[in-house]
Each structure stands twice: as C-alpha cells, then as structure tokens.
Amino acid sequence: MNGRPETALVDLLDRLLAGGVVLAGDITLGIADIDLVRVDLKALISSIDDTVPSPWEQVNR
C-alpha cells in the first residue's frame, strides 16, 4: 500500500457530523446581466443524541 492509514467514508462522515458541518451558497438567476432571482442557502448539519435537546417538541402517540 501507500503507507497512509485508510479511512472509510462512514468514519469520515461520523467525524464531520460529530462536530457539525455548515454549508453556505448563493444562487443568482439572471438574463442579460439583470438579476431576476437571488437565493441564499445556509444549512447546518449535525448529529443529534440524547444530550442535545430536539428543536421539535416530542409527540407521544
């Protein structure tokens, strides 16, 4: 092999979600240098466990 330890994709995702990932982006649609629609996208992706309260109330069914 190449001497470097291999990391599985699942392990990489687990590490990223444990700390949280922030995604941000801008999309602008326009015609002839005139902006018609602008969308700002922001997302926080993180894992949730029993120590982190859910932002949604619990519904017992």
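Residues numbered from 1 in each chain as written. Predicted model: local features only at pLDDT ≥ 70, side-chain atom pairs only at ≥ 80, totals over all residues. Heavy atoms only, no water.

A. Representation of helix 1 (residues 9-19) in the model. The buried fraction of helix 1 amounts to 0 of the 11 residues, a small share that puts the element mostly on the outside. Within two residues after helix 1, G20 carries a phi angle of roughly 100 degrees, on the positive side. (Buried < 20%, exposed > 50% of the residue type's maximum accessible area, 1.4 Å probe, protein only. Helix = DSSP H or I, 4+ residues; strand = E, 2+ residues; numbered from the N terminus.)

B. The pattern of salt bridges, seen in detail. Applying the stated criterion to the full structure yields 1 salt bridge. Between D40 and R38 there is a salt bridge, with its nearest N and O atoms 3.4 Å apart. Judged by relative accessible area, which is 57%, R38 ranks as exposed. (Salt bridge = Lys/Arg side-chain N within 4 Å of Asp/Glu carboxyl O.)

None of the figures reported here should be taken as evidence of function without further support.
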